[in-house]
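Here is what each chain is made of, one letter per residue.
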Amino acid sequence: MIRTVESEQVSAPVLAAYSYCEAVTGQQARNFAYGIRLLPTPKRRAMSALYALSRRVDDIGDGELPGEAKVARLEDTRSLLARVREGAVEEDDTDPVAVALAHASRAFPIPLGGLDELIDGVQMDVRGETYETWDDLKVYCRCVAGAIGRLSLGVFGTEPGARGAERASEYADTLGLALQLTNILRDVREDAHGGRTYLPADDLAKFGCSAGFGGPTPPEGSDFAGLVHFEVRRARALFAEGYRLLPMLDRRSGACVAAMAGIYRRLLDRIERDPEAVLRGRVSLPGREKAYVAVRGLSGLDTRHVSRRTVRRRA
């Protein structure tokens, strides 16, 4: 169970640090920011601190620095995490992300090792790793997304007496995989332009797509739609498993998760209907559709649906 921070007096330097992290989140992660609006203030601030540090790590990996310089900066970030763990970050530290994360990690049982896993995953990007099979890709996805699910669960906590709560971390991890695979499908052309291929080589070969995705049309003679539909089915199975987390969360945390996951599930629907859209540009949702997903999350519809399905499985 998490410690309550609703009534805690937060100092001015810490509030300023959180404000910085919330600004980063609002500017850089619209889908994520949309979801965490549904959280009470202490949890929203903690999630913004996690995002800001994660964004820093991602930006190092995606930046223009030479590989050796990226590795050095990633290790600097790992050292910062060690300072946070050791309680060595003071409120007047010049790094607002460190200040906010240090406060959040005292307020909530956040498994900070997940951020080390994120750094491990970004180092895979720096090395230019590719993935032969889905099992290989899962290792990467667990580092860069499953770990974020587990970190977030540290902020959300589970409801006292929630059935199956011992598997909450597993479901949070799986939901992270579902979101990451959706990201990979959405960004397939953008990643190709950056010299990265994430989809498993086995799958690309099976559907005649080994030539890659450098243009607005699929490789000649390929079954690109078949590849996309195959990966969509895989992502849907991950969503179905990961959604079993929802009944274990309090109403507002469940609404946050349902909103973020719901946005990505709707992106998946759009990609399934028009697979080649991901080669023409970035697929996204309009604001009104995101608002509907948020209202649906707050209503508890997804949580009740998952609860009924779980009961039927046990019957």
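Keep in mind the model is a prediction, meaning the values are calculated, not measured.

Calculation rules
Residues numbered from 1 in each chain as written. Predicted model: local features only at pLDDT ≥ 70, side-chain atom pairs only at ≥ 80, totals over all residues. Heavy atoms only, no water. Helix = DSSP H or I, 4+ residues; strand = E, 2+ residues; numbered from the N terminus. Contact = heavy atoms within 4.5 Å. Axes fitted to C-alpha atoms, helices over the stretch in contact; angles between N-to-C directions. Parallel < 35°, antiparallel > 145°, perpendicular 65-115°, else oblique. Left-handed = near helix turned anticlockwise from the far one by under 90°. pLDDT = per-residue confidence, 0-100. Nonpolar A, V, L, I, M, F, W, Y, C, P; charged D, E, K, R; others polar. Phe/Tyr/Trp six-rings, centres within 6.5 Å; stacked < 30°, edge-to-face > 60°. Lys NZ or Arg CZ within 6 Å of the ring centre and 35° of its normal.

### Regarding the side chain of Thr-77
Right, on to step 1. As for its position among the elements, Thr-77 is in helix α4 (residues 67–85).
Right, on to step 2. Ignoring any residue separated from it by four or fewer positions in sequence, one finds Thr-77 in contact with Leu-53, Val-57, Ile-60 and Ile-119.

### A word on the packing of helix α7 (residues 134–156) against helix α8 (residues 168–186)
Right, on to step 1. Their axes nearest at 7 Å, the elements α7 and α8 cross at an angle of 120°. On the basis of the axis angle, α7 is oblique to α8. α8 is crossed by α7, and the crossing has right-handed handedness.

### Focus: the confidence of the model for the protein chain
Right, on to step 1. Averaged over all residues, the pLDDT of the protein chain equals 91, while 91% of them reach at least 70.
Right, on to step 2. Ignoring residues within four places in sequence, the model shows residues 1–7, a span with pLDDT below 50, making 17 contacts including any to other chains.

### Observations concerning the packing of helix α3 (residues 41–62) against α7
Right, on to step 1. Two numbers describe how α3 lies on α7: the axes approach to 9 Å, and their chain directions differ by 155°. As summarised for this structure, α3 and α7 are arranged roughly antiparallel, according to the angle between their axes. In terms of crossing hand, the pair formed by α3 and α7 is right-handed. Judged by residue contacts, Lys-43, Ala-46, Met-47, Leu-50 and Ser-54 of α3 engage Ile-148, Leu-151, Ser-152, Val-155 and Phe-156 from α7.
Right, on to step 2. Looking at side-chain class alone, the contact of α3 with α7 contains seven nonpolar, two polar and one charged residues.

### What to know about the packing of aromatic side chains
Right, on to step 1. The tally for this structure, following the rule as stated, stands at five aromatic pairs.
Right, on to step 2. Centre to centre, the rings of Phe-207 and Phe-230 are 5.7 Å apart; their planes meet at 45°, and the pair counts as tilted. Taken together, the residues span a long stretch of sequence, with Phe-207 in the loop between α10 (201–206) and α11 (224–242) and Phe-230 in helix α11 at a distance of 23 residues.
Right, on to step 3. Through pairs of rings, three or more aromatic residues link up here, namely Tyr-131, Tyr-140 and Tyr-198.
Right, on to step 4. The ring of Tyr-243 carries the charged tip of Arg-265 above its face, separated from the ring centre by 4.7 Å.

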